[in-house]
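Below, each chain spelled out in residue letters.
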Amino acid sequence: MREMLEKRSFEKITVQDILAETDISRTTFYKHFTCKEQLLIQTFEWLWAQANTTRAEGPGLYGFELRFLHLVCDNAGLMKRAWEVPDFVRYLEGFFRNMLLSFGPPRCGADRRGAFLAASMTAVLMNVCKRFIKAPRRAETSRIAADVQQLFTAMSAAFEEDGDAA
């Protein structure tokens, strides 16, 4: 899948192309995937698992963001093409939101303010990544990850202060 996406858009890749490239049968493909979008998401999940086992950029959102940006740099062709697939973008939104909920304040996502914090930061991550994917530069990853961490820390602190006042 990665190599095919380096050469052409996701829309133009058919299941038949995937079968020919991988030398598996249609039955085997559909036994594991309902559609080619699912294969794309599985490919990303595999890449993410690899990034998490081979890199130790630090804990928390900073480390997460840095690993993600490095994954983008290492797989720029795939990520640029994947960003054109609505199902993948929706998956990535959920992926970011779940990661944020694990890093956020204890009540993050538990009420309307927490849901707003998670939704706002998810939108920030999606926007940052969308721009970064267009022109990935490894030299900028630390600064971007630090900026995202700083924004999240400030928003989380405001969330906690507001929660204490309520």
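Everything numeric in this text was worked out from a predicted model, so none of it was measured.

Colleague: I'd love a proper account of the overall build of the chain, names of residues and values included.
Modeller: A tally of helices and strands in the chain yields nine helices and zero strands. Reading the chain from its N terminus to its C terminus gives the helix and strand order α-α-α-α-α-α-α-α-α. Burial analysis of the chain (166 residues in total) assigns 43% to the buried set. For the chain, the share of sequence-separated contacts (at least 6 apart) that also reach a separation of at least 24 residues comes to 67%. Surface accessibility of the chain: about 9,000 Å² in total, with carbon and sulfur atoms responsible for 54%.

Colleague: Summarise the packing of helix H5 (residues 60-74) against helix H7 (residues 86-103); cite the residues concerned and give the values.
Modeller: Put simply, H5 and H7 touch, their axes get as near as 9 Å, and they point 155° apart. The pairing of H5 with H7 is recorded here as roughly antiparallel in orientation. In terms of crossing hand, the pair formed by H5 and H7 is right-handed. Residues Gly 60, Leu 61, Phe 64 and Phe 68 of H5 form the contact with H7, whose participating residues are Leu 92, Phe 95, Phe 96, Met 99, Leu 100 and Phe 103. In terms of residue class, the contact of H5 with H7 is built from nine nonpolar, one polar and no charged.

Colleague: Tell me about the nonpolar core, and please be specific about residues and values.
Modeller: Phe 44, Phe 68, Met 79, Phe 88, Leu 92 and Phe 96 are the most contacted members of the largest nonpolar core, which has 47 residues in total. Put simply, the parts of the chain that give this core at least two residues each are helix H1 (2-7), helix H2 (15-22), helix H4 (36-54), H5, helix H6 (76-82), H7, helix H8 (112-134) and helix H9 (141-165). With residues near it in sequence (within four places) discarded, Leu 92 still touches Phe 44, Phe 68, Trp 83 and Met 126.

Colleague: How would you sum up H5? Please name residues and give values.
Modeller: Each turn of an α-helix holds 3.6 residues, which means side chains three or four residues apart point in the same direction. Under the 1.5 Å per step criterion, the end-to-end length of H5 is 21 Å for 15 residues, consistent within 8% with the ideal 21 Å. Extensive coverage of H5 is indicated by the burial of 12 of its 15 residues. Within H5, the full set of buried residues consists of Leu 61, Gly 63, Phe 64, Glu 65, Leu 66, Arg 67, Phe 68, Leu 69, His 70, Leu 71, Val 72 and Cys 73.

Colleague: Now, about the side chain of Asn 75: what can you tell me, with residues and values included?
Modeller: Here Asn 75 lies in the loop between H5 and H6. In this structure Asn 75 touches Arg 2 and Leu 47, once residues within four positions along its chain are discounted.

Colleague: How would you sum up the packing of aromatic side chains? Please name residues and give values.
Modeller: What the rule picks out here adds up to 15 aromatic pairs. Each ring, one from Phe 95 and one from Phe 96, has its centre 6.1 Å from the other, and the planes form 45°; the classification is tilted. Here Phe 95 matches Phe 96 in class, with each residue buried. Taken together, the aromatic side chains of Phe 44, Trp 48, Phe 64, Phe 68, Phe 88, Tyr 91, Phe 95 and Phe 96 make up a single cluster linked through ring pairs. Here the guanidinium or amino end of Lys 36 rests over the ring plane of Phe 10, the centre of that ring lying 4.6 Å away.

Colleague: Just give me the short version of the pattern of salt bridges, but keep the residues and values in it.
Modeller: Inspection of the entire model under this criterion finds six salt bridges. Where Asp 147 meets Arg 143, a salt bridge forms, and the shortest distance between an N and an O atom there is 3.2 Å. Of this pair, Asp 147 and Arg 143 both sit in helix H9, separated by four residues, roughly a single helical turn. Taking the relative accessible area as the measure of exposure, Arg 143 reaches 46% and is therefore partly exposed. Where salt bridges share partners, they join Arg 137, Glu 140, Arg 143 and Asp 147 into one cluster.

Colleague: Describe H2, and please don't skip the residues or the numbers.
Modeller: Of the positions making up H2, those classed as buried are Val 15, Ile 18 and Leu 19. Angular distribution of buried residues about the axis of H2 spans 100°; they occupy a single face of the element. Facing away from the buried side of H2 by over 90 degrees, the exposed positions are Ala 20 and Glu 21.

The rules behind these values
Residues numbered from 1 in each chain as written. Predicted model: local features only at pLDDT ≥ 70, side-chain atom pairs only at ≥ 80, totals over all residues. Heavy atoms only, no water. Helix = DSSP H or I, 4+ residues; strand = E, 2+ residues; numbered from the N terminus. Buried < 20%, exposed > 50% of the residue type's maximum accessible area, 1.4 Å probe, protein only. Contact = heavy atoms within 4.5 Å. Areas by Shrake-Rupley, 256 points an atom, 1.4 Å probe, with all protein chains shown as cover. Axes fitted to C-alpha atoms, helices over the stretch in contact; angles between N-to-C directions. Parallel < 35°, antiparallel > 145°, perpendicular 65-115°, else oblique. Left-handed = near helix turned anticlockwise from the far one by under 90°. Nonpolar A, V, L, I, M, F, W, Y, C, P; charged D, E, K, R; others polar. Core = buried A, V, L, I, M, F, W, Y, C linked by side-chain atoms within 4.5 Å. Expected span 1.5 Å × (residues − 1). Phe/Tyr/Trp six-rings, centres within 6.5 Å; stacked < 30°, edge-to-face > 60°. Lys NZ or Arg CZ within 6 Å of the ring centre and 35° of its normal. Salt bridge = Lys/Arg side-chain N within 4 Å of Asp/Glu carboxyl O. Arc of directions from axis to C-beta.

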